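The lines below spell out each chain.
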Amino acid sequence: MWREGRQVRYTSNGPMDRSRIEKISKALADGTRLRIFEAISRNNRMNCGEIVSMRGVTPATVSHHLKILSEARLIACCREGQFMYSRAVPETIEAYTRALAKISKRKKAARRE
């Protein structure tokens, strides 16, 4: 993890372990969280109020979903004045995609034997 200004950024150090893969998978398995993550990714950054108005959910619900996405390191949050902004962390998705591809290749190789 490293800081750029007031934003926390995550970098992966080596292969992603199974518990991290599970945490990301669970975070993205919820339809509302997936839509929130897609919106944040598409818009570069969003604050809670923007997400609430876009999705029609309560601030408490959005806050809960943002916490789970942040714990999975799918988003990073930074405070700017009175607002807390969330940004997608593309490195996490890239590492997650590589880990899933690796798992998929292992299963295919095991079937051939």
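These numbers were taken from a predicted model, which means no experiment stands behind them.

1. Comments concerning unusual backbone geometry
Phi at Asn44 is positive, roughly 75°, even though this residue is not glycine. In this structure, Asn44 sits in the loop between helix 2 (31-43) and strand 3 (46-47). A relative accessible area of 53% places Asn44 in the exposed class.

2. Let's talk about the side chain of Thr92
For Thr92, the position within the fold is in helix 5 (residues 90-112). On the basis of relative accessibility, which here comes to 3%, the residue Thr92 falls in the buried class. The residues contacting Thr92, other than those within four sequence positions of it, are Met16, Arg20, Ile24, Ala72, Arg73 and Leu74.

3. Regarding helix 1 (residues 18-29)
The end-to-end C-alpha distance of helix 1, which contains 12 residues, comes to 16 Å, matching closely the 16 Å that a straight helix rising 1.5 Å per residue would cover. Among the residues of helix 1, Ile21, Ile24, Ala27 and Leu28 are the ones counted as buried. Taken end-on, helix 1 shows its buried residues confined to a sector of 130°, consistent with a single buried face. Residues of helix 1 that are exposed and angled more than 90 degrees away from the buried face: Arg18, Lys26 and Ala29.

4. Examining the sheet that holds strand 3
An order of 3-5-4 is seen for the 3 strands of this open sheet, with the pairing classed as antiparallel. At either end of the open sheet lies a strand with only one pairing partner, and these are strand 3 and strand 4 (75-80). Strand direction decides the pairing type here: strand 4 and strand 5 (residues 83-88), joined by 6 bridges, are antiparallel. In the sheet register, Cys77 faces strand 5, and the bridge partner there is Ser86. Relative to the sheet, helix 2 contacts strand 3, strand 4 and strand 5, its axis offset from that of strand 5 by approximately 90°.

5. A few points about the confidence of the model for the protein chain
Looking at the protein chain, pLDDT values average 84 and 81% of them are 70 or higher. Here residues 1-11 scores under 50 on pLDDT; set against residues more than four positions off or in separate chains, the count is 25 contacts.

6. As for the pairing of strand 5
As paired strands, strand 3 and strand 5 are joined by 2 bridges and run antiparallel to one another. When the sheet's bridge partners are listed, Met46 is paired in strand 5 with Ser86. In this structure, the hairpin formed by strand 4 and strand 5 is closed by a connection of 2 residues, where Gly81 is found at a positive phi of approximately 65°.

7. Regarding the pattern of salt bridges
One pass over the structure, following the stated rule, counts 2 salt bridges. The shortest N-O distance in the salt bridge between Glu80 and Arg45 comes to 2.7 Å. One end of the pair, Glu80, is in strand 4; the other, Arg45, is in the loop between helix 2 and strand 3, with 35 residues separating them in the sequence. Here Arg45 falls in the partly exposed class, since its relative accessible area comes to 29%. Among the salt bridges present, the one from Glu71 reaches Lys67, with a minimum N-O distance of 3.7 Å. With a gap of 4 residues between them, Glu71 and Lys67 both fall in helix 4 (residues 59-71), about one helical turn apart. Judged by relative accessible area, Glu71 falls into the partly exposed class, the value being 42%.

Criteria and cut-off values
- Residues numbered from 1 in each chain as written.
- Predicted model: local features only at pLDDT ≥ 70, side-chain atom pairs only at ≥ 80, totals over all residues.
- Heavy atoms only, no water.
- Helix = DSSP H or I, 4+ residues; strand = E, 2+ residues; numbered from the N terminus.
- Buried < 20%, exposed > 50% of the residue type's maximum accessible area, 1.4 Å probe, protein only.
- Contact = heavy atoms within 4.5 Å.
- Expected span 1.5 Å × (residues − 1).
- Arc of directions from axis to C-beta.
- Pairing = 2+ DSSP bridges.
- Axes fitted to C-alpha atoms, helices over the stretch in contact; angles between N-to-C directions.
- pLDDT = per-residue confidence, 0-100.
- Salt bridge = Lys/Arg side-chain N within 4 Å of Asp/Glu carboxyl O.

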